[in-house]
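# Observations on the model geometry
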Amino acid sequence: MEFVDPEDGPQPFREPPPPDDRLWRHPSELPAPATPAGRPPRKDTRSRQVWLFAGISAVGASILTAGLIAVTGAFDLRSTTVTPVVERQVVRPESTALGGPVPPVVEIADRLRPAIAQLRVHLPDQVATGSAVMFRSDGHLLTNFGVVDGAVDVQVVLSSGRQLSGRVVGTDRDTDTAVIKIDGGPFPVATLGTATDLKVGQTAIAIGSPRGLAGGPSVTVGVVSALHRQVRSRTDGPTLVDMVQTDAPISPGSSGGALLDDSGAVIGITTVAASGEGGADGLGFATPIDQARSVAEELMETGKVVHVWLGVEGSDLDGVTASQLRLDGGAMVAQVSAGSPAELAGVSAHDVIVGVDGTTVRSMGELVVALRGRAPGAWVAIDVMRDNERRTMRVQLAARPG
């Protein structure tokens, strides 16, 4: 028998030397130990120990080898990257610093912009611009009296760029409200909300068309910064009462646009800032939508608004007099018109009106608001302070003369 050596070629097969001539022996070649008499033979564990030692040595060698390979960079880490799967949760803010929900301004803007129109008002000597809010799908729009006052022609430019001819349905100077009508439809409309439950500090979003710029309505964001303001829309205009004040920028041309809450509902129709205030202070004002809607419905029905008449003129009660009378405020009567409901009821100059039908009155503006919405011929109870004595007078309201 022979075997082939790779270098020396065929070689004869040689038997291994006997165990006694070798330095090592296989466990099976070792003689079994002697067993004392009377004792059962003991199991041979030496071979088991040898194999256990050999196994431990192999494992140790494997670990050592792996360590050496890792140290020398033999693993190609670029071939396979193991990344642990981590479930990540995106945390989005649910409230603003004021505690209210984060307003979805983008969604509101997308939804409301189609209902905001630009007005190009042709006056006898110039062309003015303003904004309007589509509140009925048949083409009725709400805007300011000041925007269309004296208009010869009104062009309505929709957010899509489409231009239509509009006509003035009616106006009301005392509430700075006007209604415009365009033909066609149905048109996208804005949702009218309410201003009765507004809170100072809540989110306010203004949408309008500033300075007649092309590209559709613009959006600004702020808060409701005050309620029940009295402002003059222009030097020769009336005093507007119960106005909503906001710090959301309202640029020239945006007058007549919408003031929205954080749900996208209209809470007011924006108007020009008070004379001497607006641009400097960055404050804007809006007619409460409840008032504007009521006036608009009357204008659409009759073409005019009938205001009730009490027949008094006066001012807010000053702080010194209020302190002397121990009042929180009131409407100081300076003059009573002859033949007016107030005169017929016995109201006189220097009386302080402090209530209407149980509702507290702290200013002339609050007196106007308390009477607004009543119909001519309605009876109301007027509480007055006279000579440090509180009196109640029954008054039948009338329609305001011409």
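Since the structure is predicted, the reported quantities are computational estimates derived from the model, not experimental observations.

### Observations concerning the sheet that holds strand β5 (residues 140-143)
If you walk around this closed barrel you meet the 6 strands as β3-β4-β5-β8-β7-β6, and the pairing is antiparallel. Strand-to-strand twist across the sheet, computed as the mean angle between neighbouring axes with direction ignored, equals 40 degrees. Here 4 bridges tie β5 to strand β8 (residues 177-182), and the two strands are oriented antiparallel to one another. Residue Leu141 lies in a different strand from β8, and its bridge partner there is Ile180.

### As for the confidence of the model for the protein
Per-chain confidence: the protein averages 80 in pLDDT, with 70% of residues scoring 70 or above. For residues 50-98, every residue scores under 50 in pLDDT, and the model assigns this stretch 16 contacts once sequence neighbours within four places are set aside. Here residues 274-280 is modelled with pLDDT under 50, and outside its nearest four sequence neighbours on either side it reaches 8 contacts, counting other chains as well.

### Here we look at the sheet that holds strand β9 (residues 203-208)
Taken together, 6 strands build a closed barrel; the order of strands is β9-β10-β11-β14-β13-β12 and the barrel is antiparallel. Averaged over all pairs of adjacent strands, the angle between their axes in this sheet comes to 50 degrees, without regard to strand direction. With 5 bridges connecting them, strand β10 (residues 218-232) and strand β11 (residues 239-246) associate as antiparallel partners. Among the inter-strand pairings, Ala226 is bridged to a residue of β11, identified as Gln245. In the packing of helix α5 (residues 289-302) onto the sheet, the strands contacted are β11, β13 (266-271) and β14 (284-288), and the crossing angle to β14 comes to about 50 degrees.

### Examining helix α2 (residues 105-112)
Regarding α2, the residues found buried are Ile108, Ala109 and Leu112. Projected onto a plane normal to the axis of α2, the buried residues spread over an arc of 100 degrees and lie on a single side. Exposed side chains of α2 directed beyond 90 degrees from the buried face belong to Val106 and Asp110. Those residues of α2 that are buried are in contact with β3 (116-122), β9, β10 and β12 (258-260).

### A few points about α5
End to end, α5 covers 20 Å across 14 residues, agreeing with the expected 20 Å (1.5 Å per residue, within 8%). Burial in α5 covers these residues: Ile289, Gln291, Ala292, Val295, Ala296 and Leu299. Along the long axis of α5, the arc covered by the buried residues comes to 155 degrees, so they all point the same way. Following α5 by one or two positions, Gly303 adopts a phi angle in the positive range, close to 85 degrees.

### Let's talk about the pairing of strand β7 (residues 163-172)
Every other side chain in a regular strand lies on the same face of the sheet, so the side chains alternate between the two faces. Note: strand β6 (residues 153-157) against β7, 4 bridges, orientation antiparallel. Counterpart to Gln155 in the pairing with β7 is Ser165. Between β6 and β7, which pair antiparallel and follow one another directly, the connecting turn spans 5 residues, one of which, Gly161, has a positive phi of 100 degrees. Judged from the 6 bridges that link them, β7 and β8 form a sheet pairing that is antiparallel. Bridge pairing links Gly166 to Ile182 in β8.

### Focus: unusual backbone geometry
Residues Gly185 and Pro186 are joined by a peptide bond in cis, for which omega reads 0 degrees. Tracing the backbone through its elements, the reader meets Pro186 in the loop between β8 and β9. Residue Arg326 is not a glycine yet carries a positive backbone phi of 60 degrees. Of the residues examined, Arg326 reaches a relative accessible area of 79% and is grouped as exposed. Of note in the backbone geometry, Asp387 takes a positive phi value of approximately 55 degrees without being a glycine.

About the criteria used
The written sequence of each chain sets the order in which its residues are numbered from 1. With pLDDT at 70 or above as the cut-off, local features in this predicted model cover only qualifying residues; side-chain atom pairs require 80 or more to be listed or tallied, and sums for whole chains, interfaces and linings still use all residues. Side-chain metrics rest on all non-hydrogen atoms present in the structure, leaving aside hydrogens and water. One bridge is not enough; two strands pair if DSSP finds at least two bridges between them. Counting from the N terminus, the helices are DSSP H or I runs at least four residues long and the strands are E runs at least two residues long. Here, axes are lines fitted to C-alpha atoms. For helices the fit covers the stretch in contact, and angles between N-to-C directions go from 0 to 180 degrees. One number per residue, pLDDT, summarises how confident the predictor is, and it ranges from 0 to 100. In this analysis, two residues are considered to be in contact whenever any of their non-hydrogen atoms come within 4.5 Å of each other. To sort residues, take the accessible area from a 1.4 Å probe on protein chains only and compare it with the maximum for the residue type: under 20% means buried, over 50% means exposed, and anything in between is partly exposed. Our arc is simply the arc of the directions from the helix axis toward the C-beta atoms. The span you would expect from a helix comes to 1.5 Å times its residue count less one.

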